[in-house]
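# Secondary and tertiary structure notes
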Amino acid sequence: MKTDIQIAQDAEMFHIKEVAASYGIAEDDLELYGKYKAKLSDELIEKTKSNPDGKLILVTAINPTPAGEGKTTTSIGLAQAFGRLGKNCLLALREPSLGPCFGIKGGAAGGGYAQVVPMEDLNLHFTGDFHAITAANNLLAALLDNHIQQGNALQIDTRQIVWKRCMDMNDRALRNIVVGLGAKSDGFVREDHFVITVATEIMAILCLSSDMADLKKRLGNMIVAYNYEGEPVTAGQLQAVGAMAALLKDALKPNLIQTLEHTGAIVHGGPFANIAHGCNSVRATKTALKIADYVITEAGFGADLGAEKFFDIKCRKAGLKPDAAVLVATVRALKYNGGAAKNELASENLDALKKGICNLEKHIENLQKYQVPIVVTLNAFLTDTPAEYELIRSFCEEKGCSFALSQVWEKGGEGGIALAEKVLQTLEEKPSAFRPLYPDDLPLKDKIRTVATEIYGAADVSYTPAAEKTLARLTALGFGNLPVCIAKTQYSLSDDQYKLGRPTGFTVTVRDVYVSAGAGFVVVLTGAIMTMPGLSKTPAAYGIDVDESGRITGLF
């Protein structure tokens, strides 16, 4: 059996101009990055704004497990299936982070015969968007420390600096550092921190900005520190906006590539869903809706994280109204949630499946709160049995959900036709009545409690004294009307990664809070979530290489 990278490297790709032309996009509206990648021009985005919107389909999943779920693979295979059915369909996906590519999670190009290509380019440097975000973030950090060194006219309290440096790599040694050591000319000595690029506010801003003017406004509103009076100091006050925007000029433009079956894929932006809002850019999604009749997008990790933030942050901010949601699960993952050992998941185990299906049940109930019609799909494995499929199908139909089996990893678009037909039927017969979970004017603590109790299933929420103080401060500063972006483990509905299935009676602990004033949400840190991941004992980087001809190996 070929590996993912072997399948991708053996694929015949069309020139990106051909892919674009199939959607009515002229060559003049492309900014080419070689033969197989291009950015979409600002002119194209502007002239398609008056087009009617296509249908928006969100692909989400149950909580991820070591058994794998295949959410991005399903998204890609579903789009390929739409193409086989003669439908005008575009993908709108996130770009992968380098950190997980060299760590343990992997990339974001799909798998098997449902991939976007060129997969090596996408998973590595791609068109340089993340490098531009990293540069802009660290430029602001440099300007901040330089301002303090040059006299500190804004009276910044160095004990209240909240802006962090970043890099797009898993490096735990950079979580907590000291800068400014050395001579007086080397700056003020202070504690500093790094976050991974995908967790930065600039990444979130890039993904939520509608155009350059909006981007610059949001950049200017970012809070970098507080002064001695406790007042916020912004990037605008540091005169950093113009230079940051110059670095982000090209990164703001969405990228176009293709699937293995030549369906177009607009891949742009990539915030993590466990520590950020987990969706691709608003520009990419809105442009795709103006170009295609059907747009398939995905949100990171399980529906408790990615889908909740897609609905309550992205859709709220951008005025998007999703028409359907596809909820991805696997037999193996549900058995794992039911207590089956990882080395026993290939054997039929209806008892474990019955116990673990409660995780799927909770995600169905959560999505129903948003009044969006749901199609549940199982990403098929060769070890699954008909009895297991029948149990899940019956369960989903009892819950009022459509159900379809997906075999896109093995068969590409052909293996997704049953799912595509079920989605099309759902779009036709079940209109969406989408609404966010909570109103804007709900107090911050009530918003946090609403998500924790209604989406996670928590019994209560507790706060550290520092979090309580910060929430009161942010409310006093006028940020109480913003949505909340809760950073939580992806592995459990709770804030404890070891509580599988559908935990109840637990308390979510909020340990810290900060505002992303430019992005327009309040970040709430729970449990032991880290904004700078570390590498495992045997990182994926050990197996990656490139031969004398320049062919990359070991990348999945």
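In what follows, the structure referred to is the one given above.
Fair warning: this is a prediction, and the values are worked out from it, not measured in the lab. (Residues numbered from 1 in each chain as written. Predicted model: local features only at pLDDT ≥ 70, side-chain atom pairs only at ≥ 80, totals over all residues. Heavy atoms only, no water.)

### Digging into the overall build of the protein chain
Basically, it comes down to this: To qualify as a helix, a DSSP run of H or I must reach at least 4 residues; to qualify as a strand, a run of E must reach at least 2; elements of each kind are numbered from the N terminus. Only C-alpha atoms enter the radius of gyration; for comparison, a globular chain is expected to reach 2.2 Å times N to the power 0.38, where N is the number of residues. Whether two residues touch is decided by their heavy atoms; if any such pair falls within 4.5 Å, the residues are in contact. Each accessible area value is a Shrake-Rupley result obtained with a 1.4 Å probe; residue values ignore everything except the protein chains displayed when judging cover. His is not counted, nor are the chain ends, whereas Lys and Arg count as positive and Asp and Glu as negative. Note on charges: their place is set at NZ of Lys, CZ of Arg, CG of Asp or CD of Glu.
Scanning the protein chain for helices and strands turns up 19 helices and 25 strands. Over its C-alpha trace the protein chain gives a radius of gyration of 23 Å, about what one expects of a compact globule, namely 24 Å for 556 residues. Overall, the protein chain is about 70 × 55 × 50 Å in size when its C-alpha atoms are taken along their principal axes. Sequence-distant contacts, at least 24 apart, represent 74% of the contacts inside the protein chain between residues at least 6 apart. Working note: accessible area of the protein chain is about 21,500 Å², and carbon and sulfur atoms make up 50% of it. A gap of 4 Å separates the mean positions of the 57 positive and 64 negative side-chain charges of the protein chain.

### Considerations on the sheet that holds strand E7 (residues 156-161)
What counts is decided by this rule: At least two DSSP bridges between two strands are required for those strands to pair. With axes taken as lines fitted to C-alpha atoms, and helix axes fitted only over the stretch in contact, angles between N-to-C directions fall between 0 and 180 degrees.
The three strands are arranged E7-E12-E13 in an open sheet whose pairing can be described as antiparallel. Each end of this open sheet is capped by a strand with a single partner; those strands are E7 and strand E13 (232-234). The average angle at which neighbouring strand axes cross in this sheet is 50°, direction not considered. Bridging between E7 and strand E12 (residues 223-227) involves two bridges; their strand directions are antiparallel. Directly across from Ile161, in E12, lies its bridge partner Ala225. Docked against the sheet, helix H7 (residues 129-149) engages E7 and E12, running at close to 135° with respect to E7.

### Re the layout of surface pockets
In plain terms, the rule: With a 1 Å grid spanning the protein atoms alone, the term cavity applies to any set of points in which a 1.4 Å probe fits but cannot get out, the term pocket to an open set with protein on both sides within 12 Å along at least five of seven lines, and the term lining residue to any residue with an atom within 4 Å of a point. Grid points are joined across faces, edges and corners, and a volume is the space filled by probe spheres set on the points. Under the convention adopted here, Pro, Cys and the residues Ala, Val, Leu, Ile, Met, Phe, Trp and Tyr are nonpolar, Asp, Glu, Lys and Arg are charged, and Gly plus all remaining residues are polar.
If you add up the space inside the second largest pocket, you get close to 1,200 Å³. Together, 42 residues line the second largest pocket, and Ile161, Val162, Lys164, Asp512 and Tyr514 are the ones closest to its centre. Secondary structure elements with two or more residues in the lining of the second largest pocket: E7, strand E10 (190-192), strand E11 (194-196), helix H8 (201-208), E12, helix H19 (465-476), strand E22 (507-516) and strand E23 (521-526). For the lining of the second largest pocket, the element with the most residues is E22, which contributes six residues. Across the lining of the second largest pocket, the residue classes break down as 22 nonpolar, nine polar and eleven charged.

### Regarding a nonpolar patch on the surface
What counts is decided by this rule: What makes a patch is a set of residues exposed beyond 30% relative accessible area and free of salt bridges, joined within 9 Å when like-charged and within 5 Å when nonpolar (Val, Leu, Ile, Met, Phe, Trp, Tyr). A carboxyl oxygen of Asp or Glu within 4 Å of a side-chain nitrogen of Lys or Arg is what we treat as a salt bridge.
Nonpolar side chains collect at one region of the surface, where Met1, Tyr113 and Trp409 lie side by side and expose about 360 Å² of accessible area between them. Here Met1 lies in the segment before helix H1 (4-10).

### A word on the packing of helix H4 (residues 71-84) against helix H17 (residues 417-429)
Rule in force here: Angles are sorted into four bins: roughly parallel if under 35 degrees, roughly antiparallel if over 145, roughly perpendicular if 65 to 115, and oblique for all others.
Their axes nearest at 8 Å, the elements H4 and H17 cross at an angle of 80°. Classified by the angle their axes make, H4 and H17 are roughly perpendicular. Two secondary-structure elements touch here, H4 through Thr74, Leu78, Ala81, Phe82 and Arg84 and H17 through Ile417, Leu419, Ala420, Val423 and Leu424. Counted by class, the contact of H4 with H17 contains eight nonpolar, one polar and one charged residues.

### Quick look at empty space enclosed by the protein
Within this structure, the stated rule accounts for one cavity of 30 Å³ or more. A volume near 70 Å³ is recorded for the largest cavity. In this structure, the largest cavity is lined by Glu95, Pro96, Leu98, Leu122, Leu124, His125, Phe126, Gly128, Asp129, Phe130, His131 and Asp168. For the lining of the largest cavity, the element with the highest residue contribution is H7, accounting for three residues. Among the residues forming the lining of the largest cavity, the class breakdown is six nonpolar, three polar and three charged.

### Some remarks on helix H14 (residues 350-368)
How we decide: Here, expected helix span is obtained from the residue count minus one, scaled by 1.5 Å. Think of it this way: the bend at a residue is just the angle between two axes, each fitted to seven residues, one set ending at that residue and the other starting at it. Type-normalised accessible area, obtained with a 1.4 Å probe on protein chains alone, sets the label of each residue: buried when under 20%, exposed when over 50%, and partly exposed for intermediate values.
Over its 19 residues, H14 extends 26 Å from the first C-alpha to the last, a length consistent with the 27 Å expected when each residue adds 1.5 Å. The principal kink in H14, of about 30°, is found at Gly356. Turning to H14, its buried residues are Ala352, Leu353, Gly356, Ile357, Asn359, Leu360, Glu361, Lys362, His363, Ile364, Asn366 and Leu367.

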